[in-house]
Amino acid sequence: MAAAEAAMAAREEPPGAEQQQPGAMEEPAAMEEPAAMEEPAAMEEPGAVEEPGAVEGAAAMEEPAAMEGAGPAGEAGPGAGPGPERPELCFEEEEVQHEEELLRNPFSVRGWLRYAQARQRGPRPRLNQIYERALRELPGSYKLWYQYLRQRRAQVKGRCPSDPAFEEANAVHERALVFMHKMPRIWLDYCQFLAEQGRITRTRRTFDRALRALPITQHRRLWPPYLSFVRRHPLPETAVRVFRRFLKLCPEEAEQYVSYLRSVGRLDEAAQVLARLVNDERFVSRQGKSNYQLWQELCELLSQHPDRVRSLDAGGIIRGGLTRFTDQRGRLWGALADCYVRCGHLEKARDVYEEAVQTVMTVRDFTQVFDSYARFEESVIAALLDTQAQLGQGRDEEVELELRLARFERLMSRRPLLLNSVLLRQNPHNVHEWHKRVALHQGQPDKIIQTFTEAVRTVDPQRATGRPHELWVAFARFYEDNGQLDDARSILSRATRVRFRRVEDLAAVWCEFGELELRHQRHQEALAVLRKATALPSRRAEYFDSSEPVQNRLYKNLRVWAMLADLEESLGTFQSTRSVYERILDLRIATPQIVINYALLLEEHGRFEDSFKAYERGIALFRWPHVGDLWLTYLSKFVARYGGRKLERARDLFEQALDGCPPQHAKTIYLLYARLEEQFGLARRAMAVYERGTRAVPPEQQRDMFHIYIRRAAELFGVTHTRPIYQRAIEVLGDDAARELCLRFADMECKLGEVDRARAIYTYCSQICDPRITGSFWQTWKEFEIRHGNEDTIREMLRIKRSVQATYNTQVNFMASQMLKVSGSATGTVSDLAPGQSGLDEMKLLEQRAEALAAEAQRDTPRPAQQVLFVRAEGAGVSEPPLSLQGNPEEIDLDEEGEEPDEVQLEQRKVPASVFGGLKDD
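Quick caveat, the model's predicted, so the values are computed rather than measured.

Helix and strand counts for the protein chain come out as 43 helices and zero strands. The contacts of the protein chain with a sequence gap of at least 6 include a subset with a gap of at least 24, amounting to 60%. Carbon together with sulfur atoms contributes 50% to the accessible area of the protein chain, which is approximately 48900 Å² in total.

Written as structure tokens, this is what we have:
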């Protein structure tokens, strides 16, 4: 190459011509850059002519070299060698122009490309001759070589691979690589061309030459087609060697190697590679697989092909995964057992399954392992049955089959117990699961005792889930049910020394101990047990002090004391029972029920004052609302005992009870207080108590309180004394309750003959009665006016009804519908009600219309029809126009409202004088 460069440098540049100087050749180092390997897009198509700017940019890539070919005028080059004399060439007119241009400037890449493009459709030898002449002048031009090689490959496309033209094309490629050996595109095209010819060995060697010639930064462009080439041919040994070389450059692509090894059946090496990947913590899968997924593939290989994977210890690897991937133990155990099954080691597989069901920690893993175990046993039994069906059944085969069936039945019967073991391995302090385990051993006393013993040794009371004392109690009852009372007492005695987390657990054990003695009629022993439980410890501690053991806090547990008090009442003496209750009160652990029981005990033995003192001690211990039952029982017992003999003391007790009493608990005490005054005190004081009660109780109880107040006032002082009570109740109560009291008040006045008072009551109550809702009130008032009123009073009642209805008609929707009804408008919007006033506020229009309706109702004084013959009051004969002429849309026609055929005959009956009231005197 140095000699060629010197020869080309010695040439003189033709004057006035644009040419490529040999000195402009690119150094080899510059050709190793990645940018030099990319070919322009314009050169992809054959025969494409380069633009002027592109030729200048590619001129730096040309490299001189000696090659065979013709000179610019077609004479033989130095490397052409001797040959037959060729005829003189004939040029066309267009070719003459290109030849003349090339004579002036033989080193112009652009000129040669234009010449080749012009002869693109001509004979192929002539086109090849042009390229050969161009490359003789410019042997280092990448563009010329690339276009020439494309033309040679296109010329042999579709021919038989044994055609000599292929060898000629291959020779051209080899000549090109002498100069273009740093160009990866040339190597890739040549390797692909050889692969299409089916020349496997030559293709492989060419790929190897390319890898040696190109810098390592360009190898990533060669390896994908190289690997694709070796995969296409059944040459596993060659492919494996190629892959091994590739992994030295790209170790992260090991998964491709594994997939190829599995495809060609070389599973042992695939397992080895997978094992290395799993153990390499720095490996990152290009396919996005996690370490567990790779491990799963490895386990699948080991378990499904144990006979073909010999270099790895399948059992050791899978057992290593059991400690590494604890959340997938079920699948890994199944894979290990499957490995032994495929190897034919059925007993080892069964041992693996047994180990798995006894060590898994989750229900999911247990389900997977147990189902696999069951399928394994079924498959073994099915295989034995098939073998016996084919070969006949002998004695040994029958015994083996029965053994397999017995194993399978035992496995299925053990499933609940094995599942319970899994749950206990998760939490050995789960009391409920221990009880279930005992139930599973029903009918097996030895197993039950063993389970109870293991449970009480395993369960830590401080970490237990559930009530740990129930295990001791159930253990003792098991011995008791089997008649071993001494063992039951021994168990309970040991349980009393256990440091439970809560005092209630230890108290339950002592109570169970006492009940055990009572169930077997050992009353004194039961008393002794409970007295021992309630004895003061050597070191006293607060009940909720968790730092102290429960044995030092048991003396304040009410459950044990309550049971001891019950036993003392039933079996002991009065003094011993009283001392127990006194100790309970001294320890301040009593409940209201304990205080009541103590007081009743004293009362049964005639100690009334002592019982009242017990009530007072209990009241001092509690506050409202817990003290309510004590006060009620105390007051009832005191009143029943002394009646009116100690009235002042009773009043003081009631006042103390009411002092600080919440409103929701005051009603009963006020009623008891009032009854005391009625029976033994003054009626006036009783009324005062009722009055205080109506103010003290909450609003939801005031109604009942007023009813009782009114009833008692009527019984004690007469009906007339209830009027101020009614008036105050109507003022205080809500609308519904006030409406009911108004009706009762009016009815009472009617019975007393006070018609005007009753009418005034109805008039007052009408202000809280919406005619659309409380129709029953207006019907009652109407019936009242028919019986006791006249034409004017009915008219007044109707006027009030319309006025009240207009007052309640304040909702926007109702007002809008009324205005639409009056105006006859077909639309439903408020703006349609006042045309020409769209600027006014819609709510203001509704308010104006509501005021108009109310004013119209006040002005409305309708005249009754002529045929209604009520007796008129004097001075009430002013004639008025009919209501229909006034345009009132809510008029009430008396003929339709209240007249019935039997009431028209009023003109024939004499009206009582009481109807007129004071009007008759006027």
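A low pLDDT score tells you not to read the predicted coordinates there in detail. The pLDDT averaged across the protein chain works out to 78; a share of 78% of its residues lies at or above 70. Across residues 861–907, confidence stays below pLDDT 50; counting only partners more than four residues off in sequence or on other chains, it has 61 contacts. Counted against residues more than four places away or in other chains, residues 915–922, with its pLDDT under 50, gives nine contacts.

This next bit is on helix α37 (residues 735–751). Because an α-helix packs 3.6 residues into every turn, residues spaced three or four apart end up facing the same way. Compared with the 24 Å implied by 1.5 Å per residue over 17 residues, the 24 Å span of α37 between its first and last C-alpha is a close match. Along α37, the residues that are buried comprise A737, A738, R739, L741, C742, F745, A746, M748 and E749. Once α37 finishes, G753 follows within two positions and takes phi at roughly 85°, a positive value.

Among the secondary structure elements, R651 is positioned in helix α32 (residues 647–658). Within polar-contact distance, the side chain of R651 engages the side chain of E648 at 2.9 Å. Once residues within four sequence positions are removed from consideration, R651 is found in contact with Y673, E677, G681, L682 and R685.

Turning next to the packing of aromatic side chains. With the rule as written, the count across this model stands at 37 aromatic pairs. Their ring planes at 20° and their centres at 5.5 Å tell us that F243 and Y257 sit as a pair that is stacked. Pair noted here: F243 is in helix α12 (residues 236–249) and Y257 is in helix α13 (residues 254–264), with a separation of 14 residues, a long-range link. With respect to burial, F243 and Y257 carry one shared label: buried. Between F654 and Y673, the aromatic rings sit 4.9 Å apart at their centres with planes inclined by 0°, giving stacked as the arrangement. A residue pair is termed long-range when its members are at least 10 positions apart, and F654 in helix α32 and Y673 in helix α33 (residues 666–680) qualify at 19 residues. Classification of Y673 as buried rests on a relative accessible area of 2%. These aromatic residues form a ring-pair network of at least three members: F612, Y615, W631, Y634, F638 and Y642. Stacked on the ring of F370, the Lys or Arg R415 has its end atom at 5.3 Å from the ring centre. The ring of Y642 is capped by R641, whose NZ or CZ atom sits 5.8 Å from the centre of that ring.

At the junction of W624 and P625, the peptide bond is cis and its omega measures out at 5° in the coordinates. Looking at where P625 falls in the secondary structure, it is placed in the loop between α30 (608–621) and α31 (628–642). If you check the backbone angles, Q521 has positive phi at about 60° while not being a glycine. On the secondary structure map, Q521 appears in the loop between α25 (503–519) and α26 (523–534).

What follows is about a positive patch on the surface. Together, R457, R494, R497 and K532 give the surface a local cluster of positive charge. One can find R497 in the loop between α24 (485–495) and α25. On the accessibility criterion, R497 (58% relative accessible area) is exposed.

On the secondary structure map, R404 appears in helix α20 (residues 395–426). Expressed as a C-alpha distance, the spacing of R404 and E378, which sit 26 residues apart in the sequence, is 9.0 Å. Those residues in contact with R404 that sit more than four places away from it in its chain are E347, R350, V380, I381 and L384.

Two elements in contact, helix α21 (residues 431–440) and helix α23 (residues 469–481), have axes whose closest approach is 9 Å; the angle formed by their N-to-C orientations is 20°. Taken together, the axis directions place α21 and α23 in an arrangement best described as roughly parallel. Crossing hand, α21 versus α23: right-handed. Contacts between α21 and α23 involve V431, W434 and H435 from the former and E470, L471 and A474 from the latter. Here the contact of α21 with α23 is built from residues that sort into four nonpolar, one polar and one charged.

Here we come to the pattern of salt bridges. One pass over the full model with this rule turns up 70 salt bridges. For R519, the salt bridge goes to E480, with nearest N and O atoms at 2.9 Å. Placement of R519 in helix α25 and of E480 in helix α23 is noted, with a sequence separation of 39 residues between them. E480 gets classed as buried once you look at its relative accessible area, which sits at 12%. Two residues, R617 and D586, come together in a salt bridge whose shortest N-O distance is 3.1 Å. Of this pair, R617 sits in helix α30 while D586 sits in helix α28 (residues 574–586), and the two are 31 residues apart along the sequence. A single network of salt bridges, built from pairs that share partners, joins E347, R350, E377, E400, R404 and R407.

Right, let's get into the environment of I725. As for its placement among the helices and strands, I725 is situated in helix α36 (residues 723–732). Along the chain, I725 and A713 lie twelve residues apart, while their C-alpha atoms are 8.8 Å from each other. Setting aside residues up to four positions removed in sequence, I725 forms contacts with F706, Y709, I710 and A713.

As for its position among the elements, R711 is in helix α35 (residues 699–717). Sequence spacing of R711 and T722 is eleven residues, and the spatial spacing of their C-alpha atoms is 8.4 Å.

To continue, consider α31. Spanning 15 residues, α31 covers 21 Å between terminal C-alpha atoms, matching the ideal 21 Å at 1.5 Å per step. Among the residues making up α31, those that are buried are G628, L630, W631, T633, Y634, L635, F638, V639 and Y642. In this structure, the buried residues of α31 make contact with α29 (592–604), α30, α32 and α33. Where α31 ends, the next residue or the one after it, G643, has phi of about 60°, a positive value.

Right, let's talk about the packing of α13 against helix α14 (residues 267–279) for a bit. Relative to each other, α13 and α14 sit at 155°, their axes nearing to 8 Å. Between α13 and α14, the angle is such that the two are roughly antiparallel. In this structure, α13 crosses over α14, and the sense of that crossing is left-handed. Where α13 abuts α14, its residues A254, Y257, V258, L261 and R262 lie against L267, E269, A270, V273, L274 and L277.

Calculation rules
- Residues numbered from 1 in each chain as written.
- Predicted model: local features only at pLDDT ≥ 70, side-chain atom pairs only at ≥ 80, totals over all residues.
- Heavy atoms only, no water.
- Helix = DSSP H or I, 4+ residues; strand = E, 2+ residues; numbered from the N terminus.
- Contact = heavy atoms within 4.5 Å.
- Areas by Shrake-Rupley, 256 points an atom, 1.4 Å probe, with all protein chains shown as cover.
- pLDDT = per-residue confidence, 0-100.
- Expected span 1.5 Å × (residues − 1).
- Buried < 20%, exposed > 50% of the residue type's maximum accessible area, 1.4 Å probe, protein only.
- Polar contact = N/O pair within 3.5 Å; in protein donor to acceptor, adjacent residues only side chain to side chain.
- Phe/Tyr/Trp six-rings, centres within 6.5 Å; stacked < 30°, edge-to-face > 60°.
- Lys NZ or Arg CZ within 6 Å of the ring centre and 35° of its normal.
- Patch = residues over 30% accessible without salt bridge, like charges linked within 9 Å, V, L, I, M, F, W, Y side chains within 5 Å.
- Salt bridge = Lys/Arg side-chain N within 4 Å of Asp/Glu carboxyl O.
- Lys, Arg positive; Asp, Glu negative; His and termini not counted.
- Charge placed at Lys NZ, Arg CZ, Asp CG, Glu CD.
- Axes fitted to C-alpha atoms, helices over the stretch in contact; angles between N-to-C directions.
- Parallel < 35°, antiparallel > 145°, perpendicular 65-115°, else oblique.
- Left-handed = near helix turned anticlockwise from the far one by under 90°.
- Nonpolar A, V, L, I, M, F, W, Y, C, P; charged D, E, K, R; others polar.

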